[in-house]
Amino acid sequence: MNQPASAYFLEERHDPNETHTLSVLVANEPGVLARVIGLFSGRGYNIESLTVSETEHQKHLSRITIVTTGTPMVIEQIKHQLERMIPIHRVVDMTLTGRSIERELAMVKVAGRGEPRVESLRLAEAFRARVIDATTESFVFEITGNTAKIDQFVELMKPLGLVEVSRTGVAAIVRGAEGM
Amino acid sequence: MKDTVHDPNQMTGAAMVVRALKDHGVKHLFGYPGGAVLPIYDEIFQQSDVQHVLVRHEQGAGHAAEGYARSTGLPGVVLVTSGPGATNMVTPLTDALMDSIPLVCITGQVPTHLIGNDAFQECDTVGITRPCTKHNWLVRRIEDLPRVLHEAFYVATTGRPGPVVVDIPKDVQFAMGTYHPPRKSDVHVSYAPRVKGDAMQIRKAVSLLAGAKRPIIYTGGGVINAGREASKLLRELVQVTGFPITSTLMGLGAYPASGPNWLGMLGMHGTYESNMAMHDCDVMLCIGARFDDRITGRTDAFSPNSKKIHVDIDPSSINKNIRVDIPIIGDAGNVMADLLQVFKAEAKKPDVKAWWQQIAQWRARNSLAYKPSNDVILPQYAIQRLFELTRGRDTYITTEVGQHQMWAAQFYGFEEPHRWMTSGGLGTMGYGLPAAVGVQMAHRDSLVIDIAGDASVMMTVQEMSTAIQHDLPIKIFILNNQYMGMVRQWQQLLHGNRLSHSYTEALPDFVKLADAFGAHGIQATKPGDLDDAIMEMIKVKKPVLFDCRVAALENCFPMIPSGKAHNEMLLPAEANDEATAKAFAGGKALV
């Protein structure tokens with residue numbers, strides 16, 4: 001093994017990366033989001049998407065949905081690191097449940113006249129996107145769906161006068177009668 | 001209306017802090033006053049149950065509290081002011097987090113209405129200490145203070161222990177509120193560390209252990225943290241199974257160094273026999289250790305043919321660096337008690353004679369050997385003499401970080417837990433002297449020795465003044481080679497012997513320095529003078545700075561070179577230039 005002189009063992013790991021969606025139930029208290037984000041940046045984990053909002057006001061609970069990538073060992077480590085934080089109630093790996101529904105919402109602004117404008121509207125219909133704002137030279141579309149669907153829609157809008165996109169990030173829930 | 005004057009639970013926030021300390025049995029705290037904690041200091045002045053130890057720098061308070069905690073098993077308590085007081089605590093907090101030491105650090109904060117204003121001595125204490133604490137709190141309302149104080153002690157001392165910070169703005173310290181004693185509801189419902197191991201996993205572990213042909217027990221600081229009972233159980237487990245045992249730097253003393261099954265410390269500067277046994281074993285029982293990179297060497301070649309059982313109270317330690325076969329989440333003592341019970345009931349002592357014969361061959365390599373000298377004091381010899389001359393006494397050892405620390409771990413035999421205080425995870429130079437202050441505070445009549453290096457000791461030497469003030473006769477045994485020895489060793493091995501800034505040109509005269517502090521100074525330069533000098537150090541009833549002049553260029557062996565596995569150790573007898581160059585091949589050109 002050829003490595004530069006170092007007091008550390010420099011190893012590359014070659015396990016393939018996986019993408020997982022984690023649902024994290026936390027006490028809604030000051031600093032809790034900073035703790036979660038700090039864990040990810042401090043330990044070098046990836047955040048692909050992060051969504052957070054209070055979900056149960058009476059119990060002071062918030063739900064954080066995180067989409068992350070890493071080797072299986074890293075994903076397992078992320079879950080354990082989250083679980084041991086004091087204000088974290090539960091961590092569920094939605095991807096492992098195999099029964100999770102994931103959605104995000106995007107608002108997509110497209111400007112143009114003539115044929116591209118008509119085409120964008122046609123495509124919006126095909127994607128079940130709603131027009132939530134319109135001027136004579138622009139539309140704002142609201143679209144919900146999984147990440148791939150939104151990516152695809154945004155990609156299609158690019159040549160048709162895409163101005164900007166605002167996305168919520170992924171929210172996820174498990175199918176069936178039981179809650180997390 | 002309730003008559004608040006006669007309600008004994010009506011008090012200021014500052015009074016609540018001191019009251020909570022008493023309710024949690026705190027006898028000593030280490031600290032340094034400043035503007036934002038003056039109300040608490042005023043309360044401390046007016047009572048005598050909790051004794052305050054004034055340090056000379058907040059970092060000293062933190063390490064003293066760590067030493068106190070590690071030598072007693074109780075939480076160490078620190079009180080410092082806002083801003084620089086808090087930022088100076090970052091090193092000890094990180095140190096305590098890495099080594100799982102329970103600390104409760106109370107910091108003053110600027111008044112709530114000034115938070116965020118860049119006020120004098122303001123800093124974002126909870127923001128800065130978030131990554132270096134197990135948990136922290138900013139208490140903005142007096143109503144929350146009693147609950148948070150109690151939760152802080154609970155979180156610090158349960159599960160995997162660790163440091164916590166409670167940041168209290170000055171107006172909250174002045175505010176009146178209602179105190180309540182500790183109660184269960186003070187703690188987050190989401191915090192429930194698991195203590196008892198899973199019964200099925202324990203059965204599986206026992207059947208693996210019972211069938212082992214080349215077993216090893218590898219323990220760490222978790223056994224020490226699990227309390228004295230855990231060390232007793234470990235000794236019983238070793239005796240019942242007949243297995244060899246090794247330990248990390250953090251776990252020394254849980255099993256006695258004089259015990260028949262002891263292989264010595266493992267890892268980068270561990271013994272040849274322990275590392276070879278780790279590499280060649282077929283069953284590994286890891287208890288309260290975390291497969292740290294100083295332990296494993298190259299992870300893809302780590303103990304390739306063994307089944308691994310890992311007992312740890314922290315689920316995040318499992319499969320972090322090394323994949324294990326049977327994880328058991330739980331307290332080390334609790335799980336060992338269950339393991340023993342099942343083992344005794346269902347298994348018989350496996351036949352591991354052949355394995356012990358193999359180990360005897362490795363032992364015969366005598367990996368800790370060094371060339372003795374009549375002219376200069378070799379650092380290894382100095383520690384051996386220190387060990388022999390303090391043997392049988394009521395002794396506690398702390399260290400700084402570097403070569404002297406490794407030699408102390410190799411050559412000082414620890415018989416009991418809680419006797420060895422060293423900065424393992426963070427590797428904090430300057431830890432040992434203030435840690436000795438904390439240890440001596442808890443054990444006034446014991447012999448407390450900081451085995452130090454000349455470079456490390458300079459980092460916190462101001463705490464000698466603390467030792468004098470509080471009449472703490474700590475002994476600072478400095479292995480003085482005028483180098484940052486471990487840095488120099490790496491530069492020799494990996495950076496072409498270019499000794500970039502690892503030589504200390506202008507060290508003080510340690511004997512005169514001792515004198516200046518009002519302590520006792522001793523110097524030894526010849527091997528023949530060493531024993532008398534050590535005896536003098538032991539007998540003096542004052543703090544001592546012992547300047548032990550040792551061979552300047554001695555290096556610490558055996559050693560696992562970087563990128564190598566356990567079975568590729570460099571032994572002292574073989575560490576000539578050519579072998580060293582080969583061992584570090586791939587590194588830069590060597591001398």
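Read on for a plain summary of the structure. What you see is a predicted model; the values in this text were computed from it and never measured.

To continue, consider the sheet that holds strand E6 (residues 135-138) of chain B. All names here are of chain B. Pairing is parallel across the open sheet formed by 6 strands, whose spatial order is E3-E2-E4-E5-E7-E6. Two strands lie at the open edges of the sheet, namely strand E3 (51-54) and E6, each paired on one side alone. Strand-to-strand twist across the sheet, computed as the mean angle between neighbouring axes with direction ignored, equals 20°. Looking at chain direction, strand E4 (residues 76-80) and strand E5 (residues 103-109) are connected through 5 bridges and run parallel. Across the sheet, residue valine 80 finds its bridge partner in E5, namely threonine 107. Across the sheet, helix H7 (residues 145-157) lies against E5, E6 and strand E7 (163-169), angled at about 165° from E7, the strand it touches most.

All right, on to the environment of Ala226(B) then. Residues and elements named next belong to chain B. With respect to the helices and strands, alanine 226 occurs in the loop between helix H10 (221-225) and helix H11 (228-241). We classify alanine 226 as buried; it has 28 C-beta atoms within 10 Å. Between the alpha carbons of alanine 226 and arginine 294 there is a distance of 23 Å; along the sequence they are 68 residues apart. Those residues in contact with alanine 226 that sit more than four places away from it in its chain are Gly288, Asp331, Ala332 and Gly333.

Moving on, we come to the sheet that holds strand E18 (residues 475-480) of chain B. All names here are of chain B. Taken in spatial order, the 6 strands line up as E16-E15-E17-E18-E20-E19 in an open sheet, and their pairing is parallel. Of all the strands in the sheet, just strand E16 (420-421) and strand E19 (520-524) have a single pairing partner and so form its edges. Judged from the 5 bridges that link them, E19 and strand E20 (residues 544-549) form a sheet pairing that is parallel. Bridging from a neighbouring strand, isoleucine 522 pairs with phenylalanine 546 of E20. Contacts from helix H17 (residues 403-411) reach strand E15 (395-399), strand E17 (447-453) and E18, with the element oriented near 135° to E17. Across the sheet, helix H23 (residues 527-539) touches E17, E18, E19 and E20, and the angle it forms with E19 is around 165°.

Rules behind the numbers
- Within each chain, residue numbers correspond to sequence positions counted from 1 in written order.
- Whichever chain is written first becomes A and whichever ligand is written first becomes 1, with later ones labelled in order.
- Confidence filtering applies because this is a predicted model: local features only for residues at pLDDT of at least 70, side-chain atom pairs given and counted only at 80 or more, and all residues used for totals across whole chains, interfaces and linings.
- DSSP calls a pair of strands paired once it identifies at least 2 bridges connecting them.
- Where helices and strands are cited, they refer to DSSP runs of H or I of at least four residues and of E of at least two residues respectively, numbered from the N terminus.
- A fitted line through C-alpha atoms represents every axis, and for helices the fit uses only the stretch in contact; the resulting angles, taken between N-to-C directions, go from 0 to 180 degrees.
- Any residue pair is listed as a contact if its two C-beta atoms, each placed from the backbone, are within 7 Å.
- Exposure classes come from backbone-placed C-beta atoms, where a residue is buried if 20 or more other C-beta atoms lie within 10 Å of its own, exposed if 12 or fewer do, and partly exposed in between.

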